[in-house]
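Understanding the architecture of this molecule
As a plain string of letters, each chain reads:
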Amino acid sequence: MGTQFGHIYRQLTFKPKPLPLGIRLDGQTAIVTGAGNGSLGLEAAKELAAHGLARLILAVRNTAATNAEAAKQQILEQSSPEPVACDVQIWEVDYESFESMAAFATRARAELDRLDVVILSAGVKKLEFVRTKTGHESNIQVNHLGTAYLSLLLLPSLRQTARQTGRKSRLTIVASEVHFWTPFSERSAPLILQRLDEKSSFGEKGDMERYNTSKLLNVLWMRELSSQVSPASASVSSGKSPVTINAVNPGFCTSALHRSHVMPGQAFINHVLAWTPTQGGYCLTNAACGHHDRQGAYISEQEVKPTSSFVTSAEGEKSQKRLWDETVTLFQDVDRSFDLKYLLGS
Ligand SMILES: NC(=O)c1ccc[n+]([C@@H]2O[C@H](COP(=O)([O-])OP(=O)(O)OC[C@H]3O[C@@H](n4cnc5c(N)ncnc54)[C@H](OP(=O)(O)O)[C@@H]3O)[C@@H](O)[C@H]2O)c1
C-alpha cells in the first residue's frame, strides 16, 4: 500500500462496485457534505437515495453557486433500480466558518428526528498558501478543522438515533491514499496546527504536500475520534459505542477537486487512470453502508486496508494525540458552547 506505483496499479486493475441491491436504507436519514455538482459526495448521495433512503440532506457551501437544485433533480430523476422517493433537502454549510458549521449542526438536532448516516466529503486541494477568514491555512481549515468540527457536532444526533433504532449509526470521513505521501515535518514543531498555519511551512507554490498532510490529519483524527467514542474497555455490544466511525480513500477520480492541479497530458492521465465520480461515490457508500463490524478503519478499494506505517508508529500515535488536544483546544477557543463531554457522550 501507499507507493505511487501501487496506486497506479490499483487504479488500473480495480473498479469500484455499486452497493449490492439488497442493501436497504428505508426510513433512514443521511447527511452528505461536499455534495456539489460533479462531486463524489453528490454521486454517493444519489446512490444512497436509490437504496430507499427516506431523507437526504445535501450539504453544500453555497446553494446558488453549486446549482444545488440541479443536483437535487439529478437525484430525484433516477429510476434505477427503482424510482427514487426521497425527501431531498438542500442545506448550506461553510467549512470556512465555525459559526456556519455550528448553525448547521444545531439545525440538524432541531429538525431531524433521526440521523443514521453522515458522509463528510467536503474538501479542497489548494496548491498555494491561502488563509481563510478563520485565519487558518485553507487545506487545514476545510479538510481537517471543518471535518473534525462537524464530526464532533453531529455525533449526538447519530448517537441518539442509534439508541432509538438499536442499530449503529455511521460516520464516514473522506480521506485519501495521499496520506501516505507526506513527510509531515510540522509534527516536530511545538504546536502542530500553529506551524501548519505559517506560510514558511507551506513549501513551493504548486506543491501538493499540504493537501496530502491534511488528508493524513483526516486519518489521525478519525482514529482518535473512534477511540474516544469507543474506548478499548467498552464492549461494542454494550451500546457504549453506537456510532461506527471509519475513513475512506475514494481513489483518484475526475472531479473539480483537481481544478488547479493540471499537469501536461492531464486529459490522457485522466482517461487512462482516473475513476469516474460515480465510481468514487461507490467507494463512499461502500464505506458508509458496509464494514459494520469495523471501527477506526481505513477503507480503500472497498476493503479495510492498512494505513501508512507512520500512522501506526509510536511517532504517529503521539502526533494523533497531540493533534486531538490542539484541535479540541482550538474549538473551545472559537466556540464558547463547545462541550466535548456532551459531544462524545461521556
Ligand atoms: N477526486 C479525487 O481524486 C479524490 C481522491 C482522494 C480523496 N478525495 C477526497 O474526496 C472528497 C471529495 O472530493 P471531490 O473529488 O468530490 O471534489 P469536488 O468535486 O471539488 O467536491 C468537493 C466539495 O467540497 C465542497 N467544499 C469545498 N470547500 C467547502 C467549504 N468551505 N464548505 C463546504 N463545502 C466545501 C465543494 O463545494 P463547492 O462546489 O462550493 O466548491 C464541493 O462540493 C474530498 O475530501 C477529497 O479530498 C478526492
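The following paragraphs examine the structure supplied in this document. Because the structure is predicted, anything quoted here is derived from the model rather than measured. (Residues numbered from 1 in each chain as written. Predicted model: local features only at pLDDT ≥ 70, side-chain atom pairs only at ≥ 80, totals over all residues. Heavy atoms only, no water.)

Things to note about the pattern of salt bridges
Heads up, the rule is: In what follows, salt bridge is the name for a side-chain nitrogen of Lys or Arg lying within 4 Å of a carboxyl oxygen of Asp or Glu.
Tallied over the full model, the rule gives 16 salt bridges. Arg24 is the salt-bridge partner of Asp26, the closest N and O atoms lying 2.9 Å from each other. In this structure, the salt-bridge partner of Glu198 is Arg195, at a minimum N-O distance of 2.5 Å. Here the salt bridges do not stand alone but share partners, grouping Arg10, Glu177, Glu301 and Lys305 into one network.

Some words on the site of the ligand
As a reminder, the rule being used: Put simply, a residue is near a molecule or strand once any heavy atom of it comes within 4 Å of that molecule or strand. Here a polar contact means two N or O atoms within 3.5 Å. Within protein one must be a hydrogen donor candidate and the other an acceptor candidate, and residues neighboring in sequence count only if both atoms are side-chain atoms. For the area figures, the Shrake-Rupley method with a 1.4 Å probe applies, and any residue is considered shielded solely by the protein chains shown. Only Asp, Glu, Lys and Arg are considered charged, only Ala, Val, Leu, Ile, Met, Phe, Trp, Tyr, Cys and Pro nonpolar, and every remaining residue, Gly among them, polar.
Among the 30 residues in the neighbourhood of the ligand, the closest are listed as Leu40, Arg61, Tyr211, Ser255 and His258. Contact distances for the ligand include 3.2 Å between an oxygen atom and a backbone N or O atom of Gly36. Leu257 is positioned with one of its backbone polar atoms (N or O) 3.1 Å from an oxygen atom of the ligand. For the ligand, whose accessible area on its own is 880 Å², the fraction buried by protein is 94%. Classifying every residue of the shell around the ligand gives 15 nonpolar, 10 polar and 5 charged.

Some remarks on the pairing of strand β6 (residues 243-249)
Our working rule: Relative accessibility decides the category of a residue: with a 1.4 Å probe and only protein chains considered, values under 20% of the type maximum give buried, values over 50% give exposed, and everything between is partly exposed. A run of DSSP states H or I qualifies as a helix once it reaches four residues; a run of E qualifies as a strand once it reaches two. Both are numbered from the N-terminal end. The pairing criterion is simple: DSSP has to find at least two bridges between the two strands.
A large share of β6 lies buried, amounting to 7 of its 7 residues. The alternating pattern of β6 places Val243, Ile245, Ala247 and Asn249 and Thr244, Asn246 and Val248 on opposite faces, both of which are buried. In the sheet, strand β5 (residues 169-174) pairs with β6 via 6 bridges, with the strands oriented parallel. When the bridges of β6 are listed, Ile173 appears paired with Ala247. Bridge analysis of β6 against strand β7 (residues 298-300) gives 3 bridges, and the strand direction is parallel. Bridged to Ala247 within β7 is Tyr298.

Describing unusual backbone geometry
If you check the backbone angles, Phe184 has positive phi at about 45° while not being a glycine. Here Phe184 is to be found in the loop between β5 and α7 (192-196). The exposure class assigned to Phe184 is buried, which follows from its relative accessible area of 1%. In this structure, Gln302 takes a positive phi of about 65° despite not being glycine. Position of Gln302 relative to the elements: it lies in the loop between β7 and β8 (303-305).

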